[in-house]
Amino acid sequence: MFNSKIAGIGHYVPERVVTNDELSQYMDTSDEWIKERTGIEERRFAEKHEETSSTMGAKAARIAIERAGITPQDVDFIIFATLSADYYFPGGGVLMQRELGITDQEVGALDIRNQCSGFLYGLSVADQFVKTGMYKNVLLVGAEMHSMGLDFSTKGRGVSVIFGDGAGAVVLQPTEDNTQGVLTTKLHSNGTHAEELAMINPGSHGGYHLGKEKFGYPEDPTFKSIFVTQKMIDDDLIYPNMTGQLVFKTAVVKFPEVIKEALDSCGLQSSDIDMLVPHQANLRIAQFVQKRLGLSDDQVFNNIQKYGNTTAASVPIALCEAWESGKVKEGDLVCLAAFGSGFTWGSALIRW
Ligand code: ACO
């Protein structure tokens, strides 16, 4: 058995900066409200019709691949995590593969749909493949183009102000040094509140969970099955919805719990963590978790102020910036953790 180590890491964020003040031109919100409740000062939005989650993923991937000292042709498995896929199907993994120009190899591409914990789920899957010796260069990417699917009217302000676009990527390779690399990953989910943080439509639910009438399905659905009805569009049911306070309250319990689970399984304590890189959902959540674990400011990396919540991309973007700025060094114990839609959550410990 091998350990898997992050051999290369990269990130990409679009050039266009969208400030809180700019958002307040489209909806009733303010810089003060957004900063106070979330810590977000600005976010990046991709150029519509020119970029997608898979093209941004490819840009981040190229950097990670180069830093790993390999070429795109050396990648032997792809894992792509997003909630804002280019298409309903196929998933973004094959599109990113094509964008990277590595279709000749016909390597497998797996799509992960675990929203904010997508990168953690992907890391755990990649780790199992590398550990067993099945693959030697796994490309794991988290990428999101939220700006294409948010409600920028006042009705959508509770959701739309927190999200941003971007991508992060890592290449995982095997190492025979079993004190290095991914030490453990822990994954959890609980579907009880699945609809409390969700984009329901388009979907195949047909109203099963939430009632048919609400969505305007046709009287005789047998041969008129449709994913999107006119009512969904008219009633703004095609945007994400979130019961923010429930998500917040659950997140501040599950983050410390799953981090402690990972530490306990390795015989480590929170004081052993050199750098915690939490999913950038809300600065207040990260600060709460920091306090609960008794970590100093130097032990936690946040960049939500600049990028907002980039969901599956947030952990690899933050990890990449932490590494680029010298805050993650060889030998450091790095802890990653995420919580989000599903609800799903997870953690990982990495000896850098
Ligand atoms: N600007 C101004 N006012 C607003 C805005 C806004 N952007 N958004 C909501 N409000 C108003 C509401 O209408 C409400 O007004 P009312 O009291 O008159 O009814 C008031 O502010 C309070 O609204 P809440 O929703 O209770 O605000 P809260 O303090 O909970 O903050 C927030 C909302 C920032 C979304 C917070 O709940 C949060 O961060 N939750 C966790 C988000 C998260 O972690 N998501 C997981 C990842 S996302 C994923 O997995 C896809």
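Here, residues in each chain are numbered from 1, in the same order as that chain's written sequence. Given that the model is predicted, a residue must reach a pLDDT of at least 70 before its local features are reported, and side-chain atom pairs must reach 80 or more before they are shown or counted; all residues, however, enter totals for whole chains, interfaces and linings. Computation of side-chain values: all heavy atoms of the structure, hydrogens and water removed.

Novice: Could you give an account of unusual backbone geometry, with specific residues and numbers?
Specialist: The phi torsion of most residues other than glycine is negative, and most of the peptide bonds are trans. Cis geometry is found at the peptide bond from Asn 201 to Pro 202, where omega equals 0°. Along the chain, Pro 202 falls in the loop between strand 9 (197-198) and helix 7 (230-234). The residue after Gly 342, namely Phe 343, is reached through a cis peptide bond having omega -10°. Under the scheme used here, helices are H or I runs from DSSP no shorter than 4 residues and strands are E runs no shorter than 2 residues, and both carry numbers assigned from the N terminus. Position of Phe 343 among the secondary structure elements: in the loop between strand 12 (333-340) and strand 13 (344-351). One non-glycine residue with positive phi stands out, namely Thr 311, at about 50°.

Novice: Any details on the sheet that holds strand 11 (residues 275-278)? Residues and values, ideally.
Specialist: Across the sheet, which stays open at both edges, the 4 strands sit in the order 8-13-12-11 with mixed pairing between neighbours. Only two strands of the sheet have a single neighbouring strand rather than two, namely strand 8 (181-189) and strand 11. Direction aside, the axes of adjacent strands within the sheet are offset by 10° on average. Relative to strand 13, strand 8 runs antiparallel, the two being bridged by 8 bridges. Considered in strand 13, the bridge of Ser 189 is made with Thr 344. For this analysis, residues touch if any pair of their heavy atoms sits within 4.5 Å. For helices, the fitted line uses only the C-alpha atoms of the stretch in contact; every axis is such a line through C-alpha atoms, and the angle between N-to-C directions lies from 0 to 180 degrees. Across the face of the sheet, helix 8 (residues 244-265) comes into contact with strand 8, strand 11, strand 12 and strand 13 while running at roughly 145° to strand 12. Helix 11 (residues 314-324) contacts strand 11 and strand 12 of the sheet and is inclined by roughly 155° relative to strand 12. DSSP bridges decide pairing: two strands pair if at least two such bridges lie between them.

Novice: Please provide a residue-by-residue account of the side chain of Gln 115, values included.
Specialist: As for its placement among the helices and strands, Gln 115 is situated in the loop between strand 5 (108-112) and helix 5 (118-131). With a 1.4 Å probe rolled over the protein chains alone, any residue whose accessible area is under 20% of its type maximum counts as buried; one over 50% counts as exposed, and the rest are partly exposed. Overall, Gln 115 belongs to the buried group, its relative accessible area being 16%. Apart from residues no more than four positions distant in its own chain, Gln 115 is found in contact with Leu 83, Thr 311, Ala 312 and Ser 341.

Novice: An account of the sheet that holds strand 4 (residues 77-81) is needed here, citing residue identities and associated values.
Specialist: Pairing is mixed in the open sheet, where 5 strands are placed in the order 1-7-6-4-5. The open sheet is flanked by strand 1 (3-12) and strand 5, the only strands paired with a single partner. Across this sheet, the average inter-strand angle for adjacent strands is 20°, counted without regard to direction. Where strand 1 meets strand 7 (residues 166-175), 9 bridges bridge the pair, whose relative direction is antiparallel. Along strand 7, the bridge assignment pairs Gly 8 with Val 171. Its contacts with the sheet place helix 4 (residues 92-99) against strand 4, strand 5 and strand 6 (138-144), and it is angled at close to 120° to strand 4. Sitting on the sheet, helix 11 is in contact with strand 1 and strand 7, with an inclination near 95° to strand 1.

Novice: How would you explain helix 4 if you had to name every residue and give the values?
Specialist: Within the sequence span of helix 4, burial applies to Gly 92, Gly 93, Leu 95, Met 96 and Gln 97. Buried residues along helix 4 sit in contact with helix 3 (53-67), strand 4, strand 5 and strand 6. Among the residues trailing helix 4, Gly 101 stands out with phi positive, at a value near 70°.

Novice: How would you explain empty space enclosed by the protein if you had to name every residue and give the values?
Specialist: Cavities and pockets were defined on a 1 Å grid built from protein atoms only: a cavity is a group of points that admits a 1.4 Å probe but offers it no way out, a pocket is an open group of points flanked by protein on both sides within 12 Å along at least five of seven lines, and a lining residue is one with an atom within 4 Å of any such point. Grid points are joined across faces, edges and corners, and a volume is the space filled by probe spheres set on the points. Taken as a whole and judged by the stated rule, the model has 1 cavity of 30 Å³ or more. Of the pockets and cavities examined, the largest cavity occupies roughly 30 Å³. Around the largest cavity, the lining residues are Phe 255, Pro 278, His 279, Ala 281, Asn 282, Ile 285, Ala 286 and Val 289. Examining the composition of the lining of the largest cavity, we find that 3 residues originate from one element, helix 9 (residues 283-293), more than from any other. Residue classes follow a fixed rule: Ala, Val, Leu, Ile, Met, Phe, Trp, Tyr, Cys and Pro count as nonpolar, while Asp, Glu, Lys and Arg count as charged, and any other residue, Gly among them, counts as polar. Class assignment for the residues of the lining of the largest cavity results in 6 nonpolar, 2 polar and no charged.

Novice: With reference to specific residues and values, describe the pattern of salt bridges.
Specialist: Pairing of side chains with opposite charge becomes possible as their charged atoms draw close. Salt bridge criterion: a side-chain nitrogen from Lys or Arg within 4 Å of a carboxyl oxygen from Asp or Glu. What the rule picks out here adds up to 12 salt bridges. Two residues, Glu 22 and Arg 16, come together in a salt bridge whose shortest N-O distance is 2.4 Å. Since its relative accessible area comes to 16%, Glu 22 is described here as buried. By relative accessible area, which is 35% here, Arg 16 ends up partly exposed. Note that Glu 257 is salt-bridged to Lys 254, the shortest N-O span being 3.3 Å. Note that Glu 257 and Lys 254 are positioned in helix 8 at a spacing of 3 residues, about one turn of the helix.

Novice: Tell me about the site of the ligand, and please be specific about residues and values.
Specialist: Here a residue counts as near a molecule or strand whenever at least one of its heavy atoms sits within 4 Å of it. Near the ligand there are 24 residues, and of these Thr 29, Arg 37, Cys 116, Gln 245 and Asn 282 occur at the shortest range. Think of a polar contact as two N or O atoms within 3.5 Å of one another; within protein, one of them needs to be a possible hydrogen donor and the other a possible acceptor, and neighboring residues in sequence only count if both atoms come from side chains. Between a nitrogen atom of the ligand and a main-chain N or O atom of Gly 244, the distance comes to 3.1 Å. Of all elements in the fold, only helix 2 (31-38), helix 6 (157-160) and helix 8 reach the threshold of two or more residues within the shell around the ligand. In terms of residues, the shell around the ligand owes the most to one element, helix 8, which gives 4 residues. Of the residues in the shell around the ligand, the class split is 11 nonpolar, 10 polar and 3 charged. Per the annotation, domain bounds derive from an automatic or database assignment of domains. Looking at which domains feed residues into the shell around the ligand, each of domain 1 (3-175) and domain 2 (181-194 + 242-351) gives three or more.

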